[in-house]
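Architecture at a glance
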Amino acid sequence: MFGKRRKSGGRDEYVEDRYDDEYGEYAAYGDADYDDEPITDENPIIDPITDENPIVPADYVAAHYADEPEYDEPDYDDDDVVEMPKSGPYDYDEVAELLDNVSDQRLDLGSVILPVPPGGQLQVEMTPDGTPQAVHLATEHGRITVAAYAAPKSAGQWRSVAADLAESLRKDGARVAVETGPWGRELLAITEGADLRFIGVDGPRWMVRLVAAGPQGAADDGAPLVRAARAILTETVIRRGDDPMPVREPLAVVLPPELAEQLAAAHQAQVEAQQQAMAAQQAAVQPTPQPLVPPRMPNEPRRGADGSAMQQLGLN
């Protein structure tokens, strides 16, 4: 994609730090979620669309990423090439100038720049206050999530992260296998709700992790979902930045302005709709005020034309 890559210095071993496990969000995808029916609100490809996980309209993807090329292996010269897979993920500083030529074919999320596969949909995971915290690519075969993290200057963080993930998955009852992929160690996890494949790559002061989640068999080596995931990772660019950050801290997700405006408007509309629904519920449970009835006065003695009954009897 970007041409020859030159050596940029050695990478040592990373230190082992605590890693917060995030696999749980992928453990609720059954076979019924990946059939051949069209993707609608009634039949979503992943989870039902919510305020935390709104689906980006398909016309946005088609309008901005319709010309996405096939994922071909880039050609390299044998002269002074880094000893690693002849593909990405790339560091932004190494390909910044070349990236300008394909910027209209990539989704720029701030810390991660990645291609959108043909037919894919974007699914943005939001915090309760409307801040984006993750972006998923929903395909007909399953969901792909790419996220980047801060790391030391030396290499080796993915190995310790993979060990932590494998231990956590096994504690939750998953069957976990360690396999070898294009970048080395990969994890295949079979859970009750979904099959997962974790792919990680160490970079200069960053680590990128891809999670492919789908129904039974979707995460097997050679499956369409795994092929698409690896193709995306070979074209992914990581923008680490120069600010110091704690090891394993997630790099910020920044949405493109147009997409951010659409999601902000949708989020605001959903908030207002929820507020109106709550107000209607509160009004329905409040008791209806009853009209005030004046107290009934005691009956007075009957009065005739010549005075009261007692007066007529001569008692007064």
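Details of the structure are given in the entry above.
This report concerns the structure included in the present document.

Parameters and conventions
Residues numbered from 1 in each chain as written. Predicted model: local features only at pLDDT ≥ 70, side-chain atom pairs only at ≥ 80, totals over all residues. Heavy atoms only, no water. Core = buried A, V, L, I, M, F, W, Y, C linked by side-chain atoms within 4.5 Å. Buried < 20%, exposed > 50% of the residue type's maximum accessible area, 1.4 Å probe, protein only. Helix = DSSP H or I, 4+ residues; strand = E, 2+ residues; numbered from the N terminus. Contact = heavy atoms within 4.5 Å. Phe/Tyr/Trp six-rings, centres within 6.5 Å; stacked < 30°, edge-to-face > 60°. Lys NZ or Arg CZ within 6 Å of the ring centre and 35° of its normal. Pairing = 2+ DSSP bridges. Axes fitted to C-alpha atoms, helices over the stretch in contact; angles between N-to-C directions.

**Things to note about the nonpolar core**
Formed by 31 residues in total, the largest nonpolar core has its most connected members in Leu114, Ile144, Val146 and Leu210. Of all the secondary structure elements, the ones that give two or more residues to this core are β3 (112–115), β4 (121–126), β5 (132–138), β6 (143–150), β9 (195–203), β10 (206–214), α4 (224–234) and α5 (257–285). Not counting chain neighbours up to four residues away, the residues in contact with Leu210 comprise Ile144, Thr145, Val146, Arg197, Phe198, Ile199, Ala229 and Leu233. In terms of nonpolar packing, the next biggest core, distinct from the first, is built from 17 residues, Trp158, Leu165, Leu187 and Ala213 among them.

**Digging into the packing of aromatic side chains**
Counted under the stated rule, the structure contains 0 aromatic pairs. When the ring centre of Tyr92 is taken as origin, the NZ or CZ atom of Arg239, which lies over that ring, is 4.4 Å away.

**Some remarks on the sheet that holds β4**
Taken in spatial order, the 7 strands of this open sheet run β4-β5-β6-β10-β9-β8-β7, and their pairing is antiparallel. Bordering the open sheet on either side are β4 and β7 (175–181), each of which pairs with just one other strand. Sheet twist, expressed as the mean angle between neighbouring strand axes with direction ignored, is 25 degrees. Sheet analysis places β4 next to β5, joined by 6 bridges and oriented antiparallel. Bridge pairing in β5 places Gln123 opposite His136.

**Focus on the environment of Ala231**
Within the fold, Ala231 resides in helix α4. The spacing of Ala231 and Pro117 is 114 residues in sequence and 9.0 Å in space, taken between C-alpha atoms.

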